[in-house]
Amino acid sequence: MTVASAAPAKERPTTVDYLAIDADGHVHEEDSLFSDYLEPEYRDRTRGWALNADRNRRFVVDGGEHPPFPKEISVRKPMPPESRIKVLDKERIRLAVLYPSAALVAGYLEPDFSHAAMRAYNSWMADWCGAFPDRLKFAASVALHDIDEAVREARRAVADLGAVAVTIRPNPVGGKRIDHPDREPLYAAVEELGVPLVVHESTGDPSTAGGDRYGGMMRPESYLFHHVISHPFEQMMAMMALVCGGVLERHPTLKVGFFEAGCSWAPYWVARLDDHFEHPRLGGYMEGLTMRPSEYFQRQCVVTCDPGDPTVALAVEGLGADKILFATDYPHFDSGAGPVGEFLEAAALDEEAQRRILWSNTLEFYGLSVN
């Protein structure tokens with residue numbers, strides 16, 4: 001089965017038969033982020049990317065290496081935007097929305113530095129994507145230590161820099177979950193800006209689910225457990241917080257994506273939330289909800305799928321093909337080669353479902369169009 005009709009003919013250039021839109025790719029930030037874009041008062045605290053004793057790339061802040069991965073986990077060198085376009089053309093991807101690597105991990109560092117890293121990342125990313133503005137888009141990354149600063153940066157990044165989404169991590173910050181009342185100004189601002197909120201996890205945060213049970217991540221076996229757990233379990237808790245905590249009730253036009261955790265967990269989780277909502281004794285604890293959790297999900301939420309996931313059809317059956325976006329995770333070490341072909345081989349879907357997941361769902365979610 002092919003998806004040659006993944007985009008209308010008028011949307012497809014003549015040189016490459018594009019099949020997909022990447023809802024969640026990544027970049028490995030260049031050293032210029034740390035040397036040129038990071039505000040001067042913070043530059044003496046970082047050496048940017050460096051090769052450690054094991055010849056692996058890590059960025060160094062206050063003498064510590066990040067991300068705190070075992071030596072077996074490599075980090076690829078940054079690539080210029082021209083090289084990324086070649087990758088997109090090779091994979092037949094028309095457009096990619098990109099997320100951070102170093103800046104994603106920097107979210108758990110000391111608050112002032114964390115916010116400075118987000119400002120630097122967003123400014124650098126706007127320039128990096130600006131080389132090919134019709135092919136490369138980015139989500140603005142904000143930290144949750146200081147919500148007023150997060151709101152200012154979200155507004156700057158969207159209004160002034162052209163970010164097409166705002167992304168946060170799902171982890172508690174300062175002992176506050178993402179449904180804490182202090183987070184409300186950020187959700188109101190993102191809703192007002194008219195862009196999606198994307199919840200995106202990264203293995204590497206000490207507060208990630210399982211961190212207190214499986215120990216530090218420098219040992220390969222501990223890192224394995226963290227990597228298995230971190231993304232799906234944190235996204236389950238994030239969805240529960242935003243839906244059952246009433247955030248989506250209070251912000252009915254806020255679109256939310258739960259990314260890089262696969263998709264087949266979502267039908268089970270939404271059904272479990274519904275079951276608790278409808279329970280005669282437990283349902284009353286979800287105060288302020290006027291709909292079932294599944295109805296909030298259908299109204300406002302999406303998830304991404306992994307290209308080679310053979311369970312995508314289960315998620316389509318449980319959620320609908322319009323709730324799933326295609327994502328590559330490239331160039332992270334666990335992203336595979338040939339993601340579009342891998343998706344087509346693994347996902348037993350009809351052509352319409354393929355078209356929606358590979359193409360139109362992502363454009364609709366971000367409010368984008370292609371020529």
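Please refer to the structure placed before this passage.
These numbers come from a predicted model, not from an experiment. (Residues numbered from 1 in each chain as written. Predicted model: local features only at pLDDT ≥ 70, side-chain atom pairs only at ≥ 80, totals over all residues. Heavy atoms only, no water.)

(A) Representation of the sheet that holds strand E9 (residues 256-259) in the model. As summarised here, the arrangement of the 8 strands in space is E1-E5-E6-E7-E8-E9-E10-E11, forming an open sheet in which the pairing is parallel. At either margin of the open sheet sits one strand with a lone partner, and together these are strand E1 (20-26) and strand E11 (324-326). Across the sheet, the axes of successive neighbouring strands diverge by a mean angle of 30 degrees, strand direction being ignored. Alignment of strand E6 (residues 136-141) against strand E7 (residues 165-168), held across 3 bridges, turns out to be parallel. Within the sheet, the bridge partner assigned to Ala140 lies in E7 and is Val166. Its contacts with the sheet put helix H9 (residues 220-244) on strand E8 (197-200) and E9, and the angle it makes with E9 is roughly 165 degrees. (Pairing = 2+ DSSP bridges. Helix = DSSP H or I, 4+ residues; strand = E, 2+ residues; numbered from the N terminus. Axes fitted to C-alpha atoms, helices over the stretch in contact; angles between N-to-C directions. Contact = heavy atoms within 4.5 Å.)

(B) Representation of the nonpolar core within the structure. Membership of the largest hydrophobic core comes to 97 residues, with the highest contact counts inside it found for Leu186 and Phe258. Residue contributions to this core peak at 11 residues, all from helix H5 (residues 111-129). Ranked by size, the runner-up nonpolar core spans 20 residues in total, among them Val16, Phe259, Val302 and Leu325. (Core = buried A, V, L, I, M, F, W, Y, C linked by side-chain atoms within 4.5 Å. Buried < 20%, exposed > 50% of the residue type's maximum accessible area, 1.4 Å probe, protein only.)

(C) Quick look at the packing of helix H6 (residues 147-159) against helix H7 (residues 184-193). Contact geometry of H6 with H7 gives a least axis separation of 9 Å together with a crossing angle of 10 degrees. Classed by the angle they form, the pair H6 and H7 counts as roughly parallel. Two packed elements cross with a definite hand, and for H6 against H7 that hand is right-handed. The residues of H7 that touch H6, namely those facing Ile147, Ala150, Val151, Ala154, Arg155 and Val158, are Pro185, Leu186, Ala189, Glu192 and Leu193. Within the contact of H6 with H7, the residues separate by chemical class into 9 nonpolar, no polar and 2 charged. (Parallel < 35°, antiparallel > 145°, perpendicular 65-115°, else oblique. Left-handed = near helix turned anticlockwise from the far one by under 90°. Nonpolar A, V, L, I, M, F, W, Y, C, P; charged D, E, K, R; others polar.)

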